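A structural walkthrough
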Amino acid sequence: MTMFDIKEIRAQWAKQRPDLNTEPMELIGQLIRVSTHLSGEMAATFSRHGINAASFDVLATLLRSGPPHSLSPNQLLETMMVSSGTMTNRIDQLVKEKLVERIQNPQDKRSVLISLTEKGRRLIDDAVTDHVNTQARLVAPFSDKEFADLNNLLRSYLLKIGNNGEAD
């Protein structure tokens, strides 16, 4: 769908329902297209490393937590904003791929920590470098001012809709 298509859709609505303000349709349509494009580009980056966005999230969270790159499943849950069942499935898959391991928590013998394996650390180090380069390429068309303005507008919008500037 091109920019013309959104305008054409709005024109069609104007004929059928002139009482409706379809102006938000254009903005939201463009935001959805941008999101779809960005997600596709990042998915391609993750795919080059043999992972998906969900795996990347878990591995990157463990890496950025700092040495020893281990967190409890509950700590991972707090940062991921997914259900415990979803988190368990993600962890199980990463364990099968030998990218993370469950280790006994030294502070609480009744619980485990999820820890990056050496293979997982190498993979996520490479993937995060590639991911950051992909993100830089995706925003490169903006001037510094355009980038700052758009970032501020989106942050303001997220705050106004009650999202506190956090991504879902």
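This text follows the structure it describes.
So, here is what we can say about the structure in this document. Small disclaimer: the values here were computed from a predicted structure and weren't measured.

**Digging into the sheet that holds strand S1 (residues 70-71)**
The antiparallel open sheet is built from three strands, whose spatial order is S1-S3-S2. Single-partner strands in this sheet number two, and they are S1 and strand S2 (100-105). Here two bridges tie S1 to strand S3 (residues 108-116), and the two strands are oriented antiparallel to one another. Counterpart to Leu71 in the pairing with S3 is Ile114. Against the sheet, helix H3 (residues 53-64) touches S1, S2 and S3, its axis set at about 105° to S3.

**Overview of the nonpolar core**
Of all hydrophobic cores here, the largest spans 22 residues; its most connected members are Ile51, Leu59, Leu62, Leu76 and Ile124. Secondary-structure elements contributing two or more residues to this core are helix H2 (23-48), H3, helix H4 (73-80), helix H5 (84-96), S3 and helix H6 (118-139). No other element matches the six residues that H3 contributes to this core. If near-sequence neighbours (up to four positions away) are discounted, Leu59 is found in contact with Ile51, Leu94, Leu99, Val100, Leu116, Leu123 and Ile124.

**Notes on the pattern of salt bridges**
For the structure shown, the criterion picks out eleven salt bridges. Here Glu26 makes a salt bridge to Arg10, at a shortest N to O gap of 2.9 Å. Taken together, the residues span a long stretch of sequence, with Glu26 in helix H2 and Arg10 in helix H1 (residues 3-16) at a distance of 16 residues. Judged by relative accessible area, Glu26 falls into the buried class, the value being 14%. A salt bridge links Glu41 to Arg137; the shortest N-O distance between them is 2.8 Å. On the criterion of sequence distance, the pair formed by Glu41 in helix H2 and Arg137 in helix H6 is long-range, its members being 96 residues apart.

**Some remarks on the packing of H3 against H6**
Think of two packed helices as two axes; the pair is described by the angle between the axes and how far apart they sit. At a minimum axis distance of 10 Å, the contact between H3 and H6 shows a crossing angle of 105°. Taken as axis vectors, H3 and H6 run roughly perpendicular relative to one another. For the pair H3 and H6, the contacting residues are Phe56, Leu59, Ala60 and Leu63 in the first and Arg121, Leu123, Ile124, Asp125, Ala127, Val128 and His131 in the second. Its residues assigned to classes, the contact of H3 with H6 shows eight nonpolar, one polar and two charged.

**Remarks on the pairing of S2**
Pairing analysis gives six bridges linking S2 to S3, with the strands arranged antiparallel. From the neighbouring strand, Gln104 faces S3, where its bridge partner is Val112.

**Examining the packing of aromatic side chains**
Working definition: an aromatic ring pair is given by the centre-to-centre distance plus the angle between the planes. In the structure shown here, the tally under the stated rule is one aromatic pair. Their ring planes at 25° and their centres at 4.5 Å tell us that Phe46 and Phe56 sit as a pair that is stacked. Highlighted residues: Phe46 in helix H2 and Phe56 in helix H3, separated in sequence by ten residues. Its relative accessible area of 5% is what places Phe46 among the buried residues. Given the relative accessible area of 6%, Phe56 is considered buried.

What counts and how
- Residues numbered from 1 in each chain as written.
- Predicted model: local features only at pLDDT ≥ 70, side-chain atom pairs only at ≥ 80, totals over all residues.
- Heavy atoms only, no water.
- Pairing = 2+ DSSP bridges.
- Helix = DSSP H or I, 4+ residues; strand = E, 2+ residues; numbered from the N terminus.
- Contact = heavy atoms within 4.5 Å.
- Axes fitted to C-alpha atoms, helices over the stretch in contact; angles between N-to-C directions.
- Core = buried A, V, L, I, M, F, W, Y, C linked by side-chain atoms within 4.5 Å.
- Buried < 20%, exposed > 50% of the residue type's maximum accessible area, 1.4 Å probe, protein only.
- Salt bridge = Lys/Arg side-chain N within 4 Å of Asp/Glu carboxyl O.
- Parallel < 35°, antiparallel > 145°, perpendicular 65-115°, else oblique.
- Nonpolar A, V, L, I, M, F, W, Y, C, P; charged D, E, K, R; others polar.
- Phe/Tyr/Trp six-rings, centres within 6.5 Å; stacked < 30°, edge-to-face > 60°.

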